[in-house]
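Residues per chain, in single letters:
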Amino acid sequence: MSEWMKNVRKTEPYVPGEQPKTDNVIKLNTNENPYPPAPGVRKACAGMDTDRFRLYPDPDVTQLTEAIADYYGTDTSEVFVGVGSDDVLAMSFLTFFNSDKPILFPDITYSFYDVWAELFRIPYKRPALKDDFRIDINDYMEPNGGIVLANPNAPTSLYEPVYNIEKIIKANSGSVVIIDEAYIDFGGESVLPLIHKYDNLLVVRTFSKSRSMAGVRIGFAMGSPLLIAALKDVKASYNSYTMNMPAITFGVEAVKDDAYFKNTLEKIINTRNRTKAELEQMGFAVLDSGANFLFASHEKMPAKMIFEKLREKNIYVRYFDKPRIDNYLRITVGTDDEMDAFICAVKEIKENYVCVFQVGVKILSVDQK
Ligand code: PMP
């Protein structure tokens, strides 16, 4: 082994869901939004002045910070913008989790948290979720170096009410509590108003899910001016220009169109609810989802088998070969047509069905074998 290899930082990277190289896939595996971004984004893209690419972008991301602050009724000093919420979360771990005491997050949650903790050498502890996959708030009452909770949680989709989260924030005034609200627009009440009550609360959001912009990479955090100033200092010590110019412009356009945003959310929530009911009719246990995905397990069919058979039919869902959740599928809510094809394909796996569908087109035929 070469001498230098001893000094290489070794990490076990986060593994994102598969991005297929072809178009003929019904993609229900990475919680993307099946609808396009707001029409204003397309217009801004078509009219983009590419000459401006000569210049560095605004390191303070002023326009987008103002648009977000305006939309959520906060001050610009309470908003931090980054390259997707992964960037915002990574930056937050680096900034706020700097204690000898372990940070806390559940055993089943977004699988990037332990990757960042390892990367930044932050000690961590993962209290087990209860049997019903809900958090036990008593687990978050012991001395710690910080707390991070996804709400709704991933991959379980479960939403924890504000009053429970508030108990955790209140009991931990000595450490920063990060609430990752990547999926909050699809179901729950946000803890956002509490940033004015607790200076240790950081709320993290993304444009990737509810605003259909996973490919543009925009995330943001909202919290007390003290938290945001600390985040900005660390970011500016690492990379001044995280947000590129087109992303800033597109983000502003997305925030402007609230009617489109709300309409898209409503469609996804309706599709989610009826897909859940259909899965339940087929013998699946489906957790109550506050997100744009469902977490489901079948009483007889192993999740891994369903995952593999769906994949053969070019329908991708997510399967985690991990303790406690290895008999569950995480299914992103797509368009109604996509979910019809998905349900039909599951029926085909389960029963004597032959189901012919085309990606992007309605089901062509369903026949008994
Ligand atoms: N938090 C949670 C809970 C997520 O599931 C995801 C999506 N992988 C993210 C954060 C990151 O999303 P993005 O970086 O696209 O904003």
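Residues numbered from 1 in each chain as written. Predicted model: local features only at pLDDT ≥ 70, side-chain atom pairs only at ≥ 80, totals over all residues. Heavy atoms only, no water.

**With respect to empty space enclosed by the protein**
Under the counting rule described, the total for this entry stands at 2 cavities of 30 Å³ or more. The volume enclosed by the largest cavity comes to roughly 110 Å³. Looking at the largest cavity, it is lined by 13 residues, and the ones nearest its centre are Ile135, Ala150, Asn153, Leu158 and Glu160. Classifying every residue of the lining of the largest cavity by side-chain character gives 9 nonpolar, 2 polar and 2 charged. Taken as a whole, the second largest cavity encloses approximately 60 Å³ of empty space. Lining the second largest cavity are Ala38, Ser210, Arg211, Ser212, Ala254, Asp257, Tyr260, Phe261 and Thr264. (1 Å grid on protein atoms, 1.4 Å probe; cavity = no way out; pocket = protein on both sides within 12 Å on 5 of 7 lines; lining within 4 Å. Points joined across faces, edges and corners; volume = space filled by probe spheres on them. Nonpolar A, V, L, I, M, F, W, Y, C, P; charged D, E, K, R; others polar.)

**Quick notes on a nonpolar patch on the surface**
The grouping of Met1, Trp4, Met5 and Val8 at the surface amounts to a nonpolar patch, some 480 Å² of accessible area in total. Judged by relative accessible area, Val8 falls into the partly exposed class, the value being 38%. (Patch = residues over 30% accessible without salt bridge, like charges linked within 9 Å, V, L, I, M, F, W, Y side chains within 5 Å. Areas by Shrake-Rupley, 256 points an atom, 1.4 Å probe, with all protein chains shown as cover. Salt bridge = Lys/Arg side-chain N within 4 Å of Asp/Glu carboxyl O. Buried < 20%, exposed > 50% of the residue type's maximum accessible area, 1.4 Å probe, protein only.)

**Here we look at the sheet that holds strand β10 (residues 293-298)**
Strands in a sheet are paired, the pairing made by backbone hydrogen bonds, and the direction either parallel or antiparallel. Here we have 4 strands laid out as an open sheet, ordered β9-β10-β13-β12, and antiparallel in their pairing. On the outer flanks of this sheet lie β9 (284-286) and β12 (318-319), each paired with one strand and no other. Two strands pair when backbone bridges link them, and β10 and strand β13 (residues 329-332) are joined in this way by 4 bridges, in the antiparallel orientation. Looking at the pairing, Leu294 lines up with Ile331 of β13. (Pairing = 2+ DSSP bridges. Helix = DSSP H or I, 4+ residues; strand = E, 2+ residues; numbered from the N terminus.)

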